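Secondary and tertiary structure notes
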Amino acid sequence: MFADALVVVVKHHTGWIEVLGASPVFLDESALLRKGAVLYQVVTEDGNEIYEKLHPAAVAWLYARLRGQVAYLEALDREGRVVHRL
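The paragraphs below set out a description of the structure included in this document. (Residues numbered from 1 in each chain as written. Predicted model: local features only at pLDDT ≥ 70, side-chain atom pairs only at ≥ 80, totals over all residues. Heavy atoms only, no water.)

Let's talk about the overall build of the protein
Counting its regular elements, the protein contains two helices and six strands. When the elements of the protein are put in sequence order from the N terminus, they spell out β-β-α-β-β-α-β-β. Taken along its principal axes, the extent of the C-alpha atoms in the protein is 45 × 35 × 15 Å. Each of the 86 residues in the protein was classed as buried or not, and the buried ones make up 22%. The long-range share in the protein, meaning contacts at least 24 apart out of those at least 6 apart in sequence, stands at 39%. (Helix = DSSP H or I, 4+ residues; strand = E, 2+ residues; numbered from the N terminus. Buried < 20%, exposed > 50% of the residue type's maximum accessible area, 1.4 Å probe, protein only. Contact = heavy atoms within 4.5 Å.)

Some thoughts on the environment of Glu52
Tracing the sequence through the fold places Glu52 in the loop between strand E4 (47-51) and helix H2 (54-66). We classify Glu52 as exposed; its relative accessible area is 66%. Here the alpha-carbon distance between Glu52 and Val83, two residues 31 residues apart in the chain, equals 15 Å. Not counting the four nearest positions on each side in its chain, Glu52 is found in contact with Val38, Leu39 and Tyr40.

Re a nonpolar patch on the surface
Judged by side-chain polarity, Leu6, Val8 and Leu20 come together as a nonpolar surface patch covering roughly 270 Å² of accessible area. Judged by its relative accessible area of 39%, Leu20 is partly exposed. (Patch = residues over 30% accessible without salt bridge, like charges linked within 9 Å, V, L, I, M, F, W, Y side chains within 5 Å. Areas by Shrake-Rupley, 256 points an atom, 1.4 Å probe, with all protein chains shown as cover. Salt bridge = Lys/Arg side-chain N within 4 Å of Asp/Glu carboxyl O.)

With respect to the nonpolar core
Grouped together as the largest cluster of nonpolar side chains are 13 residues, with contacts concentrated most on Leu32, Tyr40, Val42 and Leu73. Secondary-structure elements contributing two or more residues to this core are strand E3 (39-44), H2 and strand E5 (71-76). With residues near it in sequence (within four places) discarded, Leu73 still touches Leu27, Tyr40, Gln41, Val42, Leu54, Ala57, Ala58, Trp61, His84, Arg85 and Leu86. (Core = buried A, V, L, I, M, F, W, Y, C linked by side-chain atoms within 4.5 Å.)

Now the structure itself:
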């Protein structure tokens, strides 16, 4: 299904990382934790799913987007308020 999608990531000897063939999405877990994130929520047309960890939430968000759905990844604080939305 995604065989034609090609992304090349080059890590240069200087440490600089270059992404060719796509626009990368950078998620800084440390920054989200500093904002108070304790849970992650993926919101789609079909509803929402809550995750305790960033990685599975990011994978669910990516798969939803690859299926053509409108999807948001939200970091939530202890009160359930959105501290970051992607």
